[in-house]
Amino acid sequence: MRLSSFVVASAPTSTFRASAFFAPAAAASFTPTFTSSLVSTVVVGSNLNPVLRGLRPRFVLPKLSRGVSSWTSPMASTTTSVSEPVPPTGATEKNVEILGSVRQQLANLMKESLRATVPELSEEEPVVSACNNAKHGDYQCNNAMGIFSKIKGKSTTYKNPNSIGQAIAKNIPESTFVEKTSIAGPGFVNIVLRTDWIENRIYQMLVNGVGTWAPVLPVTKAVVDFSSPNIAKEMHVGHLRSTIIGDSLARMLEFCHVDVLRRNHVGDWGTQFGMLIEYLFEQFPNWEDIGDQAIGDLQAFYKAAKLKFDDDADFKAKAQQAVVSLQGGDEQYRAAWQKICDISRREFDQVYKRLRVTLEEKGESFYNPYIPDVVQQLREKNLIEESEGAQVIKVDGFEIPLIVIKRDGGFNYATTDLTAFWYRKNVEKAEWIIYVTDVGQAQHFDMVFKALKLAGWIPEEGQLPKAKHIGFGLVLGADGKRFRTRSSEVVRLVDLLDEAKNRSKDELVNRGKDKEWSAEELEAASEALGYGAVKYADLKNNRLTNYTFDFEQMLDVRGNTAVYLLYTHARICSILRNSKKDIEELKKSNSLALTHPSERQLGLHLVRFAEVVEDSVTNFLPNALCEYLYSLAGMYTEFYTNCKVIESEEETSRLLLCEATVVVMRACFSLLGITPLYRL
């Protein structure tokens, strides 16, 4: 199920265990391996990536916009804080022109070349990707083979794909950012960017903020429906992925200047409430005087009510009648229902505060008043018919129909989801409506979406609004089975998060940080490390796969973990502080120069940030951003190993490159919902 109108945001508390926390010197010599497999190809205007169609090549930021701000952290070299949240990344106080990602700019350039090369193929869209091998170039245009297959045998001067590639390279218009091109194999056009252009792009980001690197998306307003626990039931590890993945996707959309409605579609309506209310009345006739103590542990209360519901026929009948009274608006029943909901919300709030997740609740009960009208509209479209006493919609590809009204006249999940979509489309005016749930609900949403298309509420592919189910796999234990405690009970999410934080705190105390830091600083660092570790361990995996929950692995300082990344960030901040230089003053020098190969490699990776965010958000895969961040940390380590920073001839330039790295790292942390660590 999925929650009504309360907003939560607060500080997390985390834990971790790491066997070897690195000191700056040790860390400098550690160079992890990394790959660039995250870089994907963009086909502008193509069906291969329809979400990118209609991209505007230019966009001017308004004075203030939601999302990841243009915060460039002038305090990176001077802050005394151990850990603090990243301000929203996306807002800027200046009207700054956004040109889109580097890849998008190259695609626009290659589009002009293709028009000149094969004017008869006016619909041919450029296929641009980053080069897998840096020896070949920075980017590659891969259209030649496809074009040759289309014109082969026709009247043409091109003899093979290589000759087409040669023509594409020749027809590239002059630009400020392409230094040279070369042709490889069957017409692959390799492109090398001008180093001074990369330098200037990084410098402009430092001056105007990382928000100017935000990708431009063909959408202005979106609903992200995520977390969505059930009232009267404990949030457990099964809700972890929906909450973490949904929050990250919402953050990425906000960074791209999309107005995001974060919806918690809680299960706060239905037959189970008749059971709970009747049990409350029976066990505690004076429940209004006793207050919360009447219910006590909500989980135990639910189990006791369910046991009686299953075993006592008279009680079951009373519970069913209680549902009628509740839905009929009886004040006493509504008050009891509200009490149960409020207790659950306080439980949920504990999780959201730890994860620093903000949601607005609009649960099943919110949409209940709109259901009759929506059902009537579906009737008028002749979509609803009777089947074995139920009212259903038949959809293609399924033997069973989508039940809209049950035999007893009640509504179900499908009815609520159809109504929620109608509301989000017509009242909230959302253009993208994204549902983040486990893959087990894929069939349900497939049927709902097909019914919405039959109603004409979801248009043809490529048009707005669009609905998308974002499925994810299971969280497994070390035994490869669904993650549970030894007693086979599902793990409570609050307990899981608190253990992560406490493990982190224990390790920090073992390293003597309790003597160096205040109690507040120790707590903040424990939360940043522990909660960040849990989030990153989830997000770095492809959401469609199952993953094994392992504290030892996720809290290790070595390898692709949040702990390693947070310590890398803290180490760069330490380098900036130790320089004793005012970074804001250094920015005025405009003296960023990428002269060493390690500097250029790092700079090129930095400017690819926008396209990685674009891939992550349009494919709904946060793991691509995690891979980018891990690669960034590795490239920085290589740069720092090869290039002296403090007291070098290139000190100013290299300090600015360090600053650019932490700015982008913090933007990544913000998009992943992770709080940075500033001191070791």
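What comes next is a walk through the structure. (Residues numbered from 1 in each chain as written. Predicted model: local features only at pLDDT ≥ 70, side-chain atom pairs only at ≥ 80, totals over all residues. Heavy atoms only, no water.)

Topic: the overall build of the chain
Counting its regular elements, the chain contains 25 helices and 17 strands. Classification of the 680 residues of the chain by burial places 57% in the buried group. Carbon and sulfur atoms form 48% of the exposed surface of the chain, whose accessible area is close to 27600 Å². (Helix = DSSP H or I, 4+ residues; strand = E, 2+ residues; numbered from the N terminus. Buried < 20%, exposed > 50% of the residue type's maximum accessible area, 1.4 Å probe, protein only. Areas by Shrake-Rupley, 256 points an atom, 1.4 Å probe, with all protein chains shown as cover.)

Thoughts on the layout of surface pockets
Approximately 680 Å³ is the volume found for the second largest pocket. Of the residues forming the lining of the second largest pocket, the biggest block, 5 residues, is contributed by helix α10 (residues 313–327). Across the lining of the second largest pocket, the residue classes tally to 11 nonpolar, 10 polar and 4 charged. Structurally, the lining of the second largest pocket is a two-domain feature, drawing no fewer than three residues from each of domain 2 (269–356) and domain 3 (362–471). (1 Å grid on protein atoms, 1.4 Å probe; cavity = no way out; pocket = protein on both sides within 12 Å on 5 of 7 lines; lining within 4 Å. Points joined across faces, edges and corners; volume = space filled by probe spheres on them. Nonpolar A, V, L, I, M, F, W, Y, C, P; charged D, E, K, R; others polar. Domains from an automatic or database assignment.)

Notes on the state of the cysteines
Each disulfide consists of one covalent bond between the sulfur atoms belonging to two cysteines. Applying the stated rule across the entire model yields 0 disulfides. With no disulfide of its own, cysteine 668 lies closest to cysteine 626 among cysteine sulfurs, the gap being 8.8 Å. (Disulfide = S-S within 2.5 Å.)

Considering unusual backbone geometry
Cis geometry is found at the peptide bond from leucine 464 to proline 465, where omega equals 5°. Mapping proline 465 onto the fold places it in the loop between α15 (442–454) and β15 (466–472). If you check the backbone angles, alanine 232 has positive phi at about 75° while not being a glycine. For alanine 232, the position within the fold is in the loop between β8 (221–225) and α6 (240–255). For alanine 232, a relative accessible area of 0% translates into the label buried. Within the chain, glutamate 388 stands out as a residue other than glycine whose phi angle is a positive 55°. According to the relative accessible area criterion, glutamate 388 is exposed, its value standing at 63%.

Topic: helix α5 (residues 195–208)
When the terminal C-alpha atoms of α5 are compared, their 20 Å separation across 14 residues agrees well with the 20 Å that a helix rising 1.5 Å per residue should span. Taken together, the buried positions of α5 are Thr195, Trp197, Ile198, Glu199, Arg201, Ile202, Tyr203, Met205, Leu206 and Asn208. Buried residues along α5 sit against α2 (102–117), β6 (178–184), β7 (188–193), α21 (583–587), α22 (597–607) and α25 (651–672). Of the residues trailing α5, glycine 209 is marked for its positive phi of about 105°. (Expected span 1.5 Å × (residues − 1). Contact = heavy atoms within 4.5 Å.)

Brief notes about the packing of helix α11 (residues 331–355) against helix α16 (residues 493–510)
It is the contact of α11 with α16, at a shortest axis distance of 9 Å, that shows an interaxial angle of 30°. By the criterion of interaxial angle, the relationship of α11 to α16 is roughly parallel. Crossing geometry of α11 relative to α16 is assigned as left-handed. For the pair α11 and α16, contact is made by Gln350, Val351, Arg354 and Leu355 and by Leu493, Val494, Leu497 and Asp498, respectively. Here the residues of the contact of α11 with α16 sort into 5 nonpolar, 1 polar and 2 charged. (Axes fitted to C-alpha atoms, helices over the stretch in contact; angles between N-to-C directions. Parallel < 35°, antiparallel > 145°, perpendicular 65-115°, else oblique. Left-handed = near helix turned anticlockwise from the far one by under 90°.)

Some points on the packing of aromatic side chains
Taken as a whole and judged by the stated rule, the model has 23 aromatic pairs. Taken together, a centroid distance of 6.2 Å and an interplanar angle of 65° make the contact between tryptophan 432 and phenylalanine 620 edge-to-face. Of this pair, tryptophan 432 sits in strand β14 (residues 432–438) while phenylalanine 620 is found in the loop between α23 (609–618) and α24 (623–642), placing the two residues 188 residues apart along the sequence. The class of phenylalanine 620 is buried, set by a relative accessible area of 7%. Ring pairs connect the aromatic residues Phe366, Tyr367, Tyr370, Trp422 and Tyr423, which therefore count as one cluster. Sitting above the plane of the tryptophan 337 ring, arginine 334 keeps its charged end 6.0 Å from the centroid. (Phe/Tyr/Trp six-rings, centres within 6.5 Å; stacked < 30°, edge-to-face > 60°. Lys NZ or Arg CZ within 6 Å of the ring centre and 35° of its normal.)

Thoughts on the sheet that holds strand β12 (residues 390–393)
Across the sheet, 3 strands lie side by side as β11-β12-β13; this open sheet has antiparallel pairing. The sheet is open, and its two borders are formed by β11 (385–387) and β13 (402–405), each paired with just one other strand. Geometrically, the sheet is characterised by an average inter-axis angle of 55° between neighbouring strands, direction not taken into account. Running over the sheet, helix α14 (residues 413–426) touches β12 and β13 and is turned about 85° from β13. (Pairing = 2+ DSSP bridges.)

Some remarks on the pattern of salt bridges
Oppositely charged side chains can form a pair if their charged atoms are brought close together. Scanning all chains against the criterion turns up 38 salt bridges. Close ionic contact of arginine 103 with aspartate 615 constitutes a salt bridge, the shortest N to O distance being 2.8 Å. Separated by 512 residues along the polypeptide, arginine 103 in helix α2 and aspartate 615 in helix α23 bring together distant segments of the chain. With a closest N to O distance of 3.3 Å, lysine 362 and glutamate 360 form a salt bridge. The structure contains a network of salt bridges with shared partners spanning Glu234, Glu347, Arg492 and Asp495. (Salt bridge = Lys/Arg side-chain N within 4 Å of Asp/Glu carboxyl O.)

These figures come from the coordinates and say nothing about function on their own.
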